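One letter stands for each residue in the lines below.
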Amino acid sequence: MIFGRSAELAGVSDLLVDVQSNGGGLVVFEGVFGSGKTELLREAGERARQQGFHVLSASADFPERLFRFGVVQQLFESLGDEFTDTGADSDSFRVLHGLYRKLAELSRDAPVLILVDNLEFIDEPSIRWLDFVVRRSQNIPVAIIATLNPGEQPQDPRLLPGLLLSRLCRERRRLPDLRPKETAELLAEFAGSPVSARVAERYHQVTDGNPVLLRECLRVAQAARLLGSPGEAGCPVVPSTVDLLPGLTLLRDRLLAQLQRASPHALSVACAAALLGSAADDDLTTVVSGLTRSEFADVRVRLEELGILQRNAATVRYPLVGELLVSAIPVAKRPELHSRAARALYQRGAAPEWTSMHVVEAGAFDEPWAEQVLLKGGESLAATCPKEAARIYERVLQEPVTGERRREVLARLGTAQLDADVPASVRHLEAAMELAAAPDERAQIALGLSCGLAVTDRHEEAVARLIDVLAKGGLEKGESAQRIVEQLVLVGTECGSTLDTVFALLGADEGDRGWLGRCPGTLKALVRAWVGSSAAQVQRRARDLLACGHAVQGTNAWYAAAVSLVWSEEHELASRYAEDELRATNAATLLRRVRALLLRTQALHGLDRLEQARQCGGEALDMLDRLGIGDQAMAAGALAHYITVLVELDEWDTAANLIAERGWRDIPLTHWQHVMLAHARAVLRVRAGDHRGGLADATTVGEACRRWRMSNPAVVPWQLTAAECHQGLQAPGEAERFAAQGLAAARRWGSPRLLGRALRTMGMSLNGPRRTELLTESAALLESCGARLELARTFMAIGTTTREKHPVAARRTLRHAYELAVSCGGKGVARRIQEELTQAGGRIAQPAQRGIDLLTVSELRVAEMAVSGMTNQAIARRLKVSLRNIEAHLTHTYRKLGVTGRSELSDLLRRSAVEMRTFGGGPRPMAALPGAGWVM
């Protein structure tokens, strides 16, 4: 499928219509390297064949431009005919007219479309013949569509303009780059479902909408498993050009060949412009390329025509082309070019970040101003590009830097590496701490160091460092002291071995005010949330902190307040804060982005946007792996959020495999994140029917919560999970006991979604009128707060309870529950409701309620291909996935639809198609969900 070429294709359609009545003519599509000319030509040929045209096609090539009648030979060979060169006078009128008559004979039984790619490389006799045909095309039903790169030099500059200026040249259209929307559409077509706006924006940024560059990026990303195969859902990560370059060597070689044809100096100028990036201009590019002004001016015009450089600028047009050009510079020559660039930029007074990056790449660089420029450049890049800032500081440390300056550089380097290489960050911050003397300096270093130590599960050392800073005194009662205390409490309460220390300090705060007398109100709000005192109070305090704006954004206190909003069920507000944090960071600041993604995962889950929550959770896990801490406690917490979303999506087998693959079969409850993961596994086991295993997990989680003094079921509702396990084990007394504990805690906390769930759990633990009363109260509360998925569960409970005495009302309630579950993507709940409805003597009859709505887009695609008669192997080859993947999808499909084989599956799909026509079906609710698709 071609994107962004609707106007061009409309012109092709008009030409094909006109050629059958009014004679033909010539249409030329012009475009730079990668603009999709060949693909457009191929589509034109396909449309012509479908309309009964004879299609003659040829592609001119630079090495064959001296072969006489080479293009004409290809044209007639494409129809199985032959043409032989008749010698020196082969381009005489007699020969040209003879070939024209041959074409006229062919057009008598059907119109003819001639397609010529790369008109700029066509040999002289062939272009003379094309010109001969064009001038007579109004007499016969023959049309010509050709492509042209106007920056390439034709063999004879006189012949091609004559053809293009012919009065029968109907149109010359220049192909523009794709717009962002068209880029997103192409990505969605390749991935098999819509991709996130950020992924589409990144691909467009890298390629600037050049179709061939974009498709090549997708091909390489798929091979490197940075993007799913066609049919898979979305792009799990946003690829960088570093990830893509190794697979683009063939594209780079084509680009270099084009530059070598253009001019002896074209490659030097293009590489110089690419090396300078957005700082490039005429003067700087001239200096770095080593040319004179006049030589540069001549080359620049050619590079603009080829689409390598921007019009009226010396910058490279496509970012990816710039990266390819830089990679083509010989390694031995790069230091010299970077040295030229650094000196030229410094003399001009350019931004230090530009100059510093060239100093880093230059290697040995003996200039007195270099160290100061490097420090300024690192400082400028620290917030937005910490990885580049770290490279700059590493370069400074290669020089003999001592004393205070060395401490400063080590501290900056360690802080920058927190978002790229946490173990290296810890090493450098520890070295900086040894050199620090002033209390405020030690405090600032300790904040970063304790973060790195905590992320790598070294909480005891982190707490010891923070206490040491406080014990040595000298800190004023200002921001540094406040943040040290915040960090101490937050880091210390994550790990079981440091709990007693932190709780002792909290106790000192209650008595003599001690160190924690400097603790801000935001931390106390978090403590109140932890013990489950009042959602309304915590919500007010969290809003007050977050209203302070960007002064606190990204800090521990900010994150704690935002998570408190999730616990208070202010999901929309929490999601907005997470989006603000994601916009404020970039792909380089991975650690902050991970926390923002985890916040957004929880908020989206609370909003019942399950597919979006799945995407955010998966991206967070990928980033933790890239940071090298995918097996640490922080990753366990991220996995816990991801698992709960997968369970809602009825992908509990995928969730179970993830826990095993990531090494969490045995979960040591040494950190709070492990407790969260253990509870997520308990929920997973309950959904899979393993109530005994779920109860074991819930019991250990309850013990851990008592140890951590956590009594808020909005954080970990372990009592409600334990009650559900006892219900499944037919132990009503124990179920009632745990449900009552959970309900009391939920009433104390006061958030409606949690309270609605607790009421339902308590109701299902009882019998008689009290059960109905509690379930009705649960439904009213959940409906008032818009908690669709929990409401669907409550309606399912009501339908199950009433189906024997009131079967008609029960079926109606269950159908409503099913619609709610499907509307927010809760496939697991929807499947269970469908089972209950079957037992109640009903079925899903309406289009919005069909059983196939439980299938993902890829599962439905595989099912349709299977019932069409294709074997599993054939489907795997068609979709370019493994045979095991196809088998897994069919197994999931059979289980979800309750069928045993392809025959029953075929009958069900046929009935669904009939229902769709009968009820005027619209889009499938499940298939329309963003990101629905393959799970590898």
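This text goes with the structure placed above it.
In this report, we go over the structure that sits alongside the text. Just so it is clear, the model here is predicted, and its values are computed rather than measured.

## Let's talk about the pairing of strand β1 (residues 25-30)
Then, number 1: Within β1, six of the six residues are buried, which leaves the element mostly enclosed by the surrounding structure.
Then, number 2: Burial along β1 is two-sided: Gly25, Val27 and Phe29 facing one way and Leu26, Val28 and Glu30 facing the other are all buried.
Then, number 3: Summarising the sheet, β1 and strand β4 (residues 142-148) pair through six bridges and their orientation is parallel. If you follow Phe29 over to β4, its bridge partner there is Thr147.
Then, number 4: Strand direction decides the pairing type here: β1 and strand β5 (residues 169-174), joined by five bridges, are parallel. Bridge assignment links Leu26 to a residue of β5, and that residue is Cys169.

## Focus on the side chain of Gln487
Then, number 1: If you trace the backbone, Gln487 turns up in helix α24 (residues 479-492).
Then, number 2: Within the local environment of Gln487, its side chain forms a polar contact with the backbone oxygen of Leu447, the two atoms lying 3.2 Å apart.
Then, number 3: Setting aside anything within four residues of it in sequence, one finds Gln487 in contact with Leu447, Ser450, Cys451, Leu466, Gly492 and Asn556.

## Comments concerning the sheet that holds β4
Then, number 1: One open sheet holds the five strands; their spatial order is β2-β3-β4-β1-β5, and the pairing between them is parallel. Of all strands in the sheet, those bounded by a partner on one side alone are β2 (54-59) and β5. For this sheet, the mean inter-axis angle between neighbouring strands, taken without regard to orientation, is 15 degrees.
Then, number 2: The sheet strands contacting helix α1 (residues 6-18) are β1, β3 (112-117), β4 and β5, and the helix crosses β5 at an angle near 165 degrees.

## A word on empty space enclosed by the protein
Then, number 1: This structure, assessed with the given rule, holds seven cavities of 30 Å³ or more.
Then, number 2: Of the voids in this model, the largest cavity is the one considered here, and its volume is about 80 Å³.
Then, number 3: For the largest cavity, the full set of lining residues is Ile2, Phe3, Arg5, Ser35, Gly36, Glu39, Leu40, Leu178, Leu186, Pro211 and Arg215.
Then, number 4: Of all elements in the fold, only α2 (37-50) and α9 (211-223) reach the threshold of two or more residues within the lining of the largest cavity.
Then, number 5: Classifying every residue of the lining of the largest cavity by side-chain character gives six nonpolar, two polar and three charged.
Then, number 6: The wall of the second largest cavity is formed by Leu119, Glu120, Ile122, Asp123, Glu124, Ile127, Pro154, Gln155, Asp156, Leu159 and Leu160.
Then, number 7: Looking at the lining of the second largest cavity, the elements with two or more residues in it are α5 (124-134) and α6 (159-164).

Rules and cut-offs
Residues numbered from 1 in each chain as written. Predicted model: local features only at pLDDT ≥ 70, side-chain atom pairs only at ≥ 80, totals over all residues. Heavy atoms only, no water. Buried < 20%, exposed > 50% of the residue type's maximum accessible area, 1.4 Å probe, protein only. Helix = DSSP H or I, 4+ residues; strand = E, 2+ residues; numbered from the N terminus. Pairing = 2+ DSSP bridges. Polar contact = N/O pair within 3.5 Å; in protein donor to acceptor, adjacent residues only side chain to side chain. Contact = heavy atoms within 4.5 Å. Axes fitted to C-alpha atoms, helices over the stretch in contact; angles between N-to-C directions. 1 Å grid on protein atoms, 1.4 Å probe; cavity = no way out; pocket = protein on both sides within 12 Å on 5 of 7 lines; lining within 4 Å. Points joined across faces, edges and corners; volume = space filled by probe spheres on them. Nonpolar A, V, L, I, M, F, W, Y, C, P; charged D, E, K, R; others polar.

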